[in-house]
Each structure stands twice: as structure tokens, then as C-alpha cells.
Amino acid sequence: MTRRPTSRTPSDQPERDPDSTNPQPRASTASGAAKAAGTAKAAESAQKTAKPAAKKTAEKAAKKTAKKTAEAAAKKATKKTEKPKKAVKSAEPAAPARSGRAATPAAKAPRATARATAAAAPTDPTTPATTTAPTSPTASPSPVSPLAPLSPLSPLSPLSPVPEADRARLLDGTHHDPHSVLGAHLIGDGVAFRALRPYARAVTVVAGELRAELVDDGDGFFSAVVPLRAVPDSYRLHVTYEETDLEVPDAYGFLPALGEFDLHLLGEGRHERLWDALGARPMTHQGVRGTRFTVWAPNARGVRVVGDFNFWDGVGFPMRSLGGSGVWELFVPGLGAGELYKFQITRPDGGMTFRADPLARRTEVPPANSSVVHESAHVWRDEEWLRRRGETPVHEAPFSVYEVHLPSWRPGLTYRQLADQLPAYVADLGFTHVELMPVAEHPFGGSWGYQVTGFYAPTARLGSPDDFKHLVDALHRAGIGVLMDWVPAHFPRDDWALAEFDGRTLYEHEDPARAAHPDWGTLEFDYGRKEVRNFLVANATYWCEEFHIDGLRVDAVASMLYLDYSREHGEWSPNEHGGRENLDAVAFLQEMNATVYRRCPGVVTIAEESTAWDGVTRATHHTGPGAQGSPARGGLGFGLKWNMGWMHDSLGYMSKDPVHRKHHHHEMTFSMVYAYSENYVLPISHDEVVHGKRALVSKMPGDWWQQRADHRAYLGFMWAHPGKQLLFMGQEFAQGAEWSEGHGPDWWLLDPAYGAEADHRGVRDLVRDLNALYRAVPALWQRDTDPGGFAWVDGDAAEDNVFAFLRTDAQGAPLLAVSHFSPVVRQDYRLGVPEEYAAWQEVLNTDAARYGGSDTLNPHALKPDASPSHGRPASLRLTLPPLATIWLRPA
């Protein structure tokens, strides 16, 4: 079997593994593009040799044919009731074929003679072609049938050759309007048909019973003038190659498939469903099924679409520029889902670059990087979830997140296989949401996916876009919300992706100092350019609308907000107010958040922002004090913000030996100084358990028992602290090793055959109970953003390593949380409590034996006495277990 080239360039193509999951081109009898390239030179040589003889032969044959045809037509002209005799009887029109799918690129030398015969009238090859301006392919200046012949019969030239200037630009890939040259155009003496079909031996126009063979003009051009009154409403091209024939509608016989309103919105940078306007979209256009290709490349001198369907040779598929929009468009009939493609762009300097589609909705499996035409067939079944998800604002609802690196959670599983396992696992543990990473396509599979090359495509490593929808659907039907990591801060420099996409800076800032990200070797987006901002804003809504994503965790927000981020003095320029804020990025984030919340009810956006920027989770229309000298402005509009300060401080405290913790007591209490300045998530994320930082349990000091006890006590403290929770996979069962993309979590630790399995299972049982109690006790989540829902009982017990506080719900019902980070038992430990409750019951103790603890409990109801303590008129006497957190509620 001959395989076709499938990679990003038309030469040096790797063969595809027939057993891989990539979209597979069909088997072909073609000898391939390489053979075509080799025979093309022979064709050119043969053409030069044959041209003089061909011309004489053609003229002689044409005159003889014209004479006989004219005599025959004159005899029949007196018979008014007879129709003109057809030169060639037409066969039944073929079903729409995939353009070029069965074609062979092997070239033959142009034939020495050329024919252009129509069903209508005699032609005179000595009459020069008319050169009036072409008209629309669908224009009909006369009410009579477009296939009716001209009357009286006129001698016409069979040739309408492409003007040399147009020919050169089409061959060089620099023509901005190929439809004005190619296709069918009404001229003074008939209809001129022109086609550009490299490697074809013959091209025939077929319209009803009309068959007109075009003349081979060389270089892949075919043309003729057919004596018709109007351009046919529909016609097809029958193309003959060396080893096969195909018959398809002419791609250059169609009006633009992108409307004026779309172009207006694109020009304004306000197309909120940008993916409907740009990219590859299967559709029915003018009654014909095919695929519309559109791409924004305003600096390009020309754009072609290439793919399997044309053997990665774009000469015959130039796109047209749609006015001053910067958008290039081509509707290719017969093409559908599964086709591989790229855009071949002629840069301003005349060089060529092959680029993946920025709006591709599907890609090849990396490291292959072609785009794939996609059409979704998924039928959603999560209507009930979508209806309910916006009933309660997220900051007033339970929200505990299990963070998952999809390719390594269970290595080797596809999206559909994950759908069979992940929802059940997460639901059993009681998490309300999962956060999935990496989702958007990216080059390096062993990464977090933060260098995105396919912003509109789920990574193909695990399956198709519909497979990913199936996973989201399954999670929703299990009652689990789906968040995803979203990366609008930067993009990689791969020369097949966004970097200098059309030969000049486009998606990146034109100032190299502003474009280059100093930390990651990537490029920063130009947020001040409306089309780039539109690309990103629409991308945010795309994931929420097309994939029913419930929230976006936005990566590296701080790097976007500051012009001097990771830059030294002299390496950055201040904004128009003299400040360090990137005002373009601020405007982008505000627009993105406002658009997402308006279009997608119930969706939440979460900022990974590591500074004290004012108003990250304040609404965009609410103004507040400016920062660093900038003018007053609205908030950024996020729903939640990662509390990086809490994470850093609390992990710093926990890493200390208990005997030294008293000197770092403030690191655990400082978070309450600013806890209500934003709507926070408490993240124990992927960033904290890799790259030498160690897994959560391994950060704890002491022996294995003490490490696990600290681990459990810390989780209890975290779940009781104001804010939402996020835990990276593997930490729910105290995995000791850092995450590895190669094998993911150490599931074998939960194998009953493993001697220490009970230690790890106990931690997982604790996480399950934490989530169950968390959901059941509104005091732990209902007033997360209300200072009235929290009160210290004792925040100064540094000598005892004790932290005690009350959480209350909207009705005032309390929960008492006490964390004791010392490895001793403290009997009769007195804590002040509200006097109105007659007894308190321990509802959680991380030292319970079933979690792997020493089972030091408060098993009976505790009655407060009238002894004042901690500023309260009543107090409890508790037993504090070693390295443990306990929760108590009124009995």
C-alpha cells in the first residue's frame, strides 16, 4: 500500500503507523507527491518540446472541426423544434467526491493538442478571447437557461488563458483573489472556465448534459470559453489523472462562505463565537456539502490550504482575501471530518511557512502537528446538571476540588476509559469538582501542558474532542463539576504554531522586549490588539459552551498583570500613567471574565495570582483604589483566587519540627488577616508536589507515623479554614513520592497485598469523611467570604502549637475546629465556647484508629461549664490528640 505524506510540509514526510490512533488517510493507488514532484519537471520539458507542434496541430484540427460543426448547425437551424445536438453525451453526474482524495499527483507532459467542445455552438479558434471583467459565478443576466447557446451562433475562441500576471501570482502563492481568475466567468462571447489542477491530464466541465473539455494551458492551468448565455447554476469538474478520475464541484464556483456580519464582528474584535467563523468548518454551502477554511493572516501575501486531500501541494487550492479583514477563505466541496490540513502562508518576504490552524478543533497526536477537520456528533445528557449548577453562587456553596493530570492519573487510559473510572472514584471520595490538566493541545506530553499550541483542541493523546465531551458528560452525570487549566498568558515559539504566524508579529507583541517571556522561553500575547483579545476571550467561552466546562483556572495571571514581571530595571517600559501595570492585560481579563459570566451562567473563573493585586475577585464594574500609582479601576472579575500566601506559609510551618513550630506560629494565623480581601481557594496543587518540593506527606518532619499524623492534621485544618479546597491527585492517600508523568500516582500503595496499605487507605478514608462532613455542615462553606462567619477562640497558643476557631453558617450554627500540631496528648485542654449550647459532640478526629492514628478521642458529649475562657462565658475541657485536628458541633 502506498502511504500519503501526512505531516506539516509537502516533503520529507514520515510514514504513519497504520495501527496508530491518528486519523488515517485512505489507501491510494497514487504514486504520491514525491513522484508528482519528480514528474512535474518532465512535464515541463515535454511541454516546451511539444508546444510548437501542438499549436499547429490544434489550429488545423480546430478549423476542420469548426467548419464541419458550423455546416451541421446551419442545416439544423431551420428546424425550430429541434434542440442543438450535443457534441458528447453526458454520463450520470457522479456523487460528490472528496476533492483530490483518489487523485494521483503523478504528472504527464501537456498533450500536444487541446479540445474545447460544448454542446451549443461552433467555435472559431482564430477569434481572440474577450477580456471583459469577470462576473459572479452565480450571476444570470438573462432569464433563459444558462445552458442555452448564444443566438445567433457566434464563432468563439476555445481559449481564455490566465493572464500572465495572475498566472505568476497563483503559482507563487501570492494571489489575493483567485476566485476572480479561476472558476466560471461571463464574458462578452460566452462563459470562460478556468481551473488550476496540477498533475491533471485533462479537465472537463460537466453541467447537466453539457461536457466541455478545457484546454491544457500548461503549469496545471486549464481553460476554455464555452458559448453559453450565463454561468451555470452548478457545474462540476471531471479531472483525469494518470491513474484515476474524479468529479467534484469547482471550489472556485462558490461565493464566500463567511457572511458580512461575521466579518464586521471580526473587524471589531467582538466575535464571541469566533470558532464558528474561523478554522475548518464542515457545512453545506450553496447546496453542496464541503468544508470552509478560514484563517486570520493579515500580513500574508497569499494563503493556500494543504492536506491529505491534495497531497500537501497547495498550488491548486489558493484562498481568497476577504477585503481588509485580514481573513482568508476557501470552501472546498466534498471534504469532511477527519481530513488533515494546514495553511501554507506566503510571508511578506516571499518565504513560505506551513502552519497549524490556530482555531483547529482537533489535531493529530503529537509529535505530529497537523490540524484535523472536526464535526461533533456527541449528544449531551447533562441537562439536569447544567440547570442546577447556577442555583447557588460558587462562593456560597461547597467547593472541594480534586486536581487531576489526565494522562498520568491512570497511565494509558483514553478519555472514554477515564469516563468509566474517574467519576466513580471522585464521587466516592466526595469531591464536588475535578480540575483537569492538561486539556488544550501541547507539544510535550510529560508537562503540565502550559505551552499550548492548540488553544481550541483537546489534546489528541487521549482521544477525539467527542471523547473528551463524553468524559465531561460522565462527570456531570455523576454530580461532579469540571474545571480546566486555561493558559492565556503565553505560547511557545514552535515554527508551525502561533509564533510570527503570517511572517510578522501577530499574536505576540510587536516590541520584542514585551513579547519575550523571561522565565519560560515563550511569547506573551499582545493583549492590546483587538483580534488577539478576541481570540482569547472567545477561547474561554468556547470551552464552556462547546465542552460544558464549569470553570477555568487561569494560569500565571501575575505574569500578565505586571510589565516588570521577572524583568530587571531597564528591561521594561512603564504604562501611559507611569506605572508597572499592563493595562492591556487588565482590560483583557476584565473583558474575558465579564463575557464568560454573561454567556455561561454557573461557570466560575479562578485566578492563579500570586501577588497582592487589588480586586482580583471584585466585579469588573466595581471600582476600587488603584495599585502602584495606577488610576482607580474596576476589579478583574474573577470568581475565586488561589491563596498562594496561605499555601506557602502553612507548608512552611508544617515542615518545621514541632519543637520549633512555636517560633513560626504566625505563619498559620497570618492568612486570617487578609482572608476576606478576596474569594479564596486553598490550593495544595501540582506545583507543590514536584520538582524537588516533595509530596505533601514527605514535607512533614519526623518518622513515618508522625509524617502521616501531620498530613492528616493538616488536611483537617485546611478543610476547616475559610476558603475552598484543592488537592492534587495522590495526596489523598499520602503518596510519598513526587509525581511522575511516567507512572502517575502510586496506586500500588492501596493494594491489600502491600504491608503498609492500611496507612495509606486510612488517609484516603479521612479525605472521604472530610468531604462528607464538609458538604453536610454549611458553617464550613456558606460564609467563606463573610468575616462574620469566622471567630478565633485561641489563635495565640504558640507554646502549645494549638489553633482553635469557630465557623458559623447563615443561621448562626457553629462548628469548633481545633488543630494541635504537637506530638503529645493534652488532657483537659480548656477552650471558650458560646454558652447557649448545652453540649458538644466530636464529629471528626484525624487521630482515629481507622485513619491510622492512636485513637485518642473525645468519645462522649462534652458539656461546657461556667468557667470563662478566651473571652467567652463558658468553656469546654477537651483531650487533644497528638498531631491531630478535631471538629466539634453542638450535640
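Calculation rules
Residues numbered from 1 in each chain as written. Predicted model: local features only at pLDDT ≥ 70, side-chain atom pairs only at ≥ 80, totals over all residues. Heavy atoms only, no water. Phe/Tyr/Trp six-rings, centres within 6.5 Å; stacked < 30°, edge-to-face > 60°. Lys NZ or Arg CZ within 6 Å of the ring centre and 35° of its normal. Helix = DSSP H or I, 4+ residues; strand = E, 2+ residues; numbered from the N terminus. Buried < 20%, exposed > 50% of the residue type's maximum accessible area, 1.4 Å probe, protein only. Arc of directions from axis to C-beta. Contact = heavy atoms within 4.5 Å. Core = buried A, V, L, I, M, F, W, Y, C linked by side-chain atoms within 4.5 Å. Axes fitted to C-alpha atoms, helices over the stretch in contact; angles between N-to-C directions. Parallel < 35°, antiparallel > 145°, perpendicular 65-115°, else oblique. Left-handed = near helix turned anticlockwise from the far one by under 90°. Nonpolar A, V, L, I, M, F, W, Y, C, P; charged D, E, K, R; others polar.

A. Representation of the packing of aromatic side chains. If you walk through the whole model with that rule in mind, you get 48 aromatic pairs. Both rings, one in Tyr-341 and one in Phe-343, keep their centres 5.9 Å apart while their planes meet at 75°; by these two values the pair is edge-to-face. Over the aromatic face of Trp-409 sits the side chain of Arg-410, whose NZ or CZ is 5.3 Å from the ring centroid. Taking the ring centre of Phe-547 as reference, the NZ or CZ of Lys-469 above it sits at 5.3 Å.

B. Quick peek at unusual backbone geometry. Along the chain, Pro-366 connects to Pro-367 via a cis peptide bond; the corresponding omega equals 15°. With respect to the secondary-structure elements, Pro-367 resides in the loop between strand E15 (352-355) and strand E16 (371-372). In this structure, Pro-438 follows Met-437 across a cis peptide bond, with omega equal to -20°. Looking at where Pro-438 falls in the secondary structure, it is placed in the loop between strand E18 (433-437) and strand E19 (440-441). Although it is not a glycine, Gln-286 sits at a positive phi angle of roughly 50°. Turning to its location among the elements, Gln-286 is positioned in the loop between strand E9 (279-285) and strand E10 (288-296). For Gln-286, a relative accessible area of 37% translates into the label partly exposed. Positive phi outside glycine occurs at Asp-855, with the angle close to 65°. As for its placement among the helices and strands, Asp-855 is situated in the loop between strand E35 (840-845) and strand E36 (874-880).

C. Representation of helix H3 (residues 260-268). What H3 keeps buried is the set Leu-263, Leu-265 and Leu-266. For H3, the arc enclosing every buried residue in end-on projection is 160°, short of the 170-degree limit, so these residues lie on one face. Turned more than 90 degrees from where H3 packs its buried face, Glu-260 and Phe-261 sit exposed. Where H3 is buried, its residues touch helix H4 (274-277), strand E13 (327-333) and helix H10 (530-546). Positive backbone phi, at 70°, marks Gly-269, one or two positions downstream of H3.

D. Representation of the nonpolar core within the structure. Counting residues in hydrophobic clusters, the biggest one holds 176 residues, and the most contacted among them are Phe-293, Tyr-402, Phe-468 and Trp-543. The element contributing the most residues to this core is H10, with 9 residues. Ignoring anything within four residues of it in the chain, the contact list for Trp-543 reads Val-439, Ala-440, Phe-455, Tyr-456, Ala-457, Pro-458, Phe-468, Met-484, Trp-486, His-548, Ile-549 and Leu-552. Ranked by size, the runner-up nonpolar core spans 24 residues in total, among them Ala-200, Ala-212, Phe-222 and Leu-228.

E. Fine view of the packing of H10 against helix H12 (residues 583-599). Running from amino to carboxyl end, H10 crosses H12 at an angle of 30°, the nearest separation of the two axes being 10 Å. Our classification of the angle between H10 and H12 gives roughly parallel. The way H10 lies across H12 gives a crossing that is right-handed. Taking contact as the criterion, the partners of Arg-533, Leu-536, Val-537, Ala-540, Thr-541, Cys-544 and Glu-545 in H10 are, on H12, Phe-588, Glu-591, Met-592, Thr-595, Val-596 and Arg-599. Split into classes, the residues belonging to the contact of H10 with H12 amount to 7 nonpolar, 2 polar and 4 charged.

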